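Commentary on secondary and tertiary structure
Each chain is listed here by its residues.
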Amino acid sequence: MEEVHYPCGLWQLEAACRVSAPKVAKRLRAGLARGQRPMEAKIPVVILGATGAVGQRFLQLLADHPWFMIKGLAASERSSGRRYAEVCRWVIPGDPPTSVGEMVIQPLDPTQLKTTVPGPTSSTTIAFSALPASVARDVEPLFAQAGYAVCSNASAFRYDSDVPLLIPEVNADHLALIERQRTKRNWQGFITTNPNCTVTGIAMALKPLDTAFGVRRVSATSMQAVSGAGYPGVASLDILNNVLPYIPGEEEKIEQETRLLLGSIVDGKRIEADIAVSAQANRVPVLDGHTICLSVGFEKPPSVDEAIAVLAGFRGPKEVQVLPSAPEHPILVRHQPDRPQPRRDRDAEGGMAVTVGRIRPCALLDLRMVVVVHNTLRGAANGSVLNAELLVAQGHVG
Ligand SMILES: NC(=O)c1ccc[n+]([C@@H]2O[C@H](COP(=O)([O-])OP(=O)(O)OC[C@H]3O[C@@H](n4cnc5c(N)ncnc54)[C@H](OP(=O)(O)O)[C@@H]3O)[C@@H](O)[C@H]2O)c1
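It should be emphasised that the depicted structure is a prediction, and the values quoted were computed from it without experimental measurement.

Parameters and conventions
Residues numbered from 1 in each chain as written. Predicted model: local features only at pLDDT ≥ 70, side-chain atom pairs only at ≥ 80, totals over all residues. Heavy atoms only, no water. Core = buried A, V, L, I, M, F, W, Y, C linked by side-chain atoms within 4.5 Å. Buried < 20%, exposed > 50% of the residue type's maximum accessible area, 1.4 Å probe, protein only. Helix = DSSP H or I, 4+ residues; strand = E, 2+ residues; numbered from the N terminus. Contact = heavy atoms within 4.5 Å. 1 Å grid on protein atoms, 1.4 Å probe; cavity = no way out; pocket = protein on both sides within 12 Å on 5 of 7 lines; lining within 4 Å. Points joined across faces, edges and corners; volume = space filled by probe spheres on them. Nonpolar A, V, L, I, M, F, W, Y, C, P; charged D, E, K, R; others polar. Arc of directions from axis to C-beta. Pairing = 2+ DSSP bridges. Axes fitted to C-alpha atoms, helices over the stretch in contact; angles between N-to-C directions. Near = heavy atom within 4 Å. Polar contact = N/O pair within 3.5 Å; in protein donor to acceptor, adjacent residues only side chain to side chain. Sits in = over half its atoms within 2 Å of the grid points.

Digging into the nonpolar core
Counting 42 residues, the largest nonpolar core has Leu62, Phe68, Ile70, Leu73, Tyr84, Ile126 and Phe128 as the members making the most contacts within it. Looking at this core, the elements with two or more residues in it are β1 (43-48), α3 (53-62), β2 (68-74), α4 (84-87), β3 (126-129), β4 (149-152) and α16 (377-393). Ranked by residues supplied to this core, first place goes to α16 with seven residues. In this view, Ile70 contacts Val45, Ile47, Leu59, Leu62, Ala63, Val100 and Met103; residues no more than four positions away in its chain are not counted. With 41 residues, the next largest nonpolar core counts Leu165, Leu262, Ile308 and Val356 among its residues.

Structure follows, in structure tokens:
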């Protein structure tokens, strides 16, 4: 490929090129999309629920992010006003980034956060939300109203018809709902959401199959890791040496969110996919990584080899492939008879790839397969960061 040299920063050059040479600007964007922004061009972000299991993942992912800079941390009144290092019980692998240890936890108030934290230079600030749904329901609209682009992990707004439920490789076009949302709610900012962690694995595996062969019926049985319940989560006396065959609300989320993610935008409105989904959700004594057994019925049933080829060849839209957090292979196909497994496969491509294996005929529907997804990375914090990167790439933030 021809090498291009850039004499100065992308952001200044791009501004100049927008007027005089749009094609050059496009090449610059593509070439440097994954690259480090200069400090003054980084987008300020705040993390709501920064002390929880998902919040801690956000801290690790954002401490050295090439486009974003952590400017504020917020959590409950229990933690507010205290240093992060003093208040946070760290529950994920690795250490907290040293840059955040001395930061003082702020209250969940957009006005106070904006004034007490050294100011963002960009017009929109991103608020990554790792709040419980009951808290998110009240707090996230306040941040959207105040001009923040809220990237939420909570389920509070996932089903609102004007709020995008997003996996960039699956339904990037659903971001078209943002303008409708802003107009309808008269908000300066907006809310986008990422799906339930189990649904993330299911929808990513189904997307290429649906595009190629038309998915019509799905039976999904999940074996979900304990970290999916946050900290302290499930009591050890309930989960050790055991399987819990009930996770409140989970089966309903799996069924509805799968249909929403595989749905389409028609005349600015989100239409659910016409797919029958039956879910059975179980909690198992695994630390991280959800495993899902799928049986799938199709409009045009593929052979096993055809399904494998479509899954292995899946890449997602070009604009998504160049984002800093996008994995090279969103789906990895395993051919060994005993894979995927959560302990061995959850960290594929930094926890951003979904691994699919055991693809074989099904006596009830057409094909069966097993899926593994990292629940707190692709299924939560890193999925949300990828969403935010797409918002920047599409010009909704920055
Ligand atoms: N864990 C997963 O795999 C996963 C995957 C996808 C989505 N999610 C979703 O992500 C969100 C966070 O999950 P998590 O597992 O990180 O939960 P978590 O470990 O329980 O953390 C909850 C966070 O919210 C704060 N918080 C709790 N109650 C609050 C209140 N009344 N007011 C203000 N802040 C409050 C906590 O702050 P304090 O420390 O100050 O109490 C903490 O920072 C949830 O909506 C969850 O459903 C989780």
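Points about the environment of Pro195
By the element assignment, Pro195 lies in the loop between β5 (190-193) and α9 (197-213). Assessed through its relative accessible area of 3%, Pro195 is described here as buried. Linking Pro195 and Thr258, residues 63 residues apart in sequence, is a C-alpha distance of 8.8 Å. Each residue touching Pro195, except ones within four places of it in the same chain, is listed here: Arg158, Leu165, Leu166, Ile167, Thr200, Glu257, Leu261 and Gly379.

A short note on α3
When you tally the buried positions in α3, you get seven out of ten residues, the bulk of the element. All buried positions along α3 are accounted for by Ala53, Gly55, Gln56, Arg57, Phe58, Leu59 and Leu62. Check the buried side of α3 and you find it contacts β1, β2, α4, β3 and α16.

Quick word on empty space enclosed by the protein
In total, this model carries two cavities of 30 Å³ or more according to the counting rule given. If you go around the second largest cavity, the residues you meet are Leu166, Ile167, Pro168, Asn194, Pro195, Thr200, Arg378, Gly383 and Asn387. When residues of the lining of the second largest cavity are assigned to their parent elements, the largest contribution, three residues, is made by α16. Class assignment of the residues belonging to the lining of the second largest cavity gives a composition of four nonpolar, four polar and one charged.

Quick word on helix α8 (residues 177-185)
All buried positions along α8 are accounted for by Leu177, Ile178, Gln181 and Arg182. The buried side chains of α8 occupy one side of the element, clustering within an arc of 135 degrees when seen end-on. In α8, the exposed positions that point more than 90 degrees away from the buried face belong to Thr183 and Lys184. Remark: Asn186 follows α8 within two positions and exhibits a positive phi of approximately 55 degrees.

Remarks on the sheet that holds β2
With parallel pairing, the five strands of this open sheet are ordered in space as β2-β1-β3-β4-β5. If you trace the sheet from one side to the other, it starts and ends with β2 and β5, each paired once. Direction aside, neighbouring strands of the sheet carry axes that sit 25 degrees apart on average. Alignment of β1 against β2, held across six bridges, turns out to be parallel. Note on β2: the bridge partner recorded for Leu48 is Ala74. Contacting β1, β2 and β3, α3 runs over the sheet at an angle of about 160 degrees to β1.

Focus on the layout of surface pockets
Leftover empty space is mapped by rolling, across the atoms, a probe with the size of a water molecule. Size it by volume and the largest pocket reaches roughly 1,100 Å³. Lining of the largest pocket is provided by 46 residues; of these, Val54, Ala130, Leu131, Pro132 and Gly230 occupy positions nearest its centre. At the level of elements, α3, α6 (133-145), α11 (250-261) and α16 are the ones that each hand at least two residues to the lining of the largest pocket. In terms of residue count, the dominant contributor to the lining of the largest pocket is α3 (four residues). Each residue belonging to the lining of the largest pocket can be placed in one class, and the counts come to 21 nonpolar, 19 polar and six charged.

So, the site of the ligand
The ligand sits among 27 residues. The nearest are Thr51, Ser76, Arg78, Ser79 and Leu131. Between the ligand and Val54 there is a distance of 2.8 Å, counted from an oxygen atom to a backbone nitrogen or oxygen. One of the backbone N or O atoms of Ser227 is found 3.0 Å from a nitrogen atom in the ligand. When atoms are counted within 2 Å of each cavity's grid points, the one that captures over half of the ligand is the largest pocket.

Structural measurements only, silent on function.
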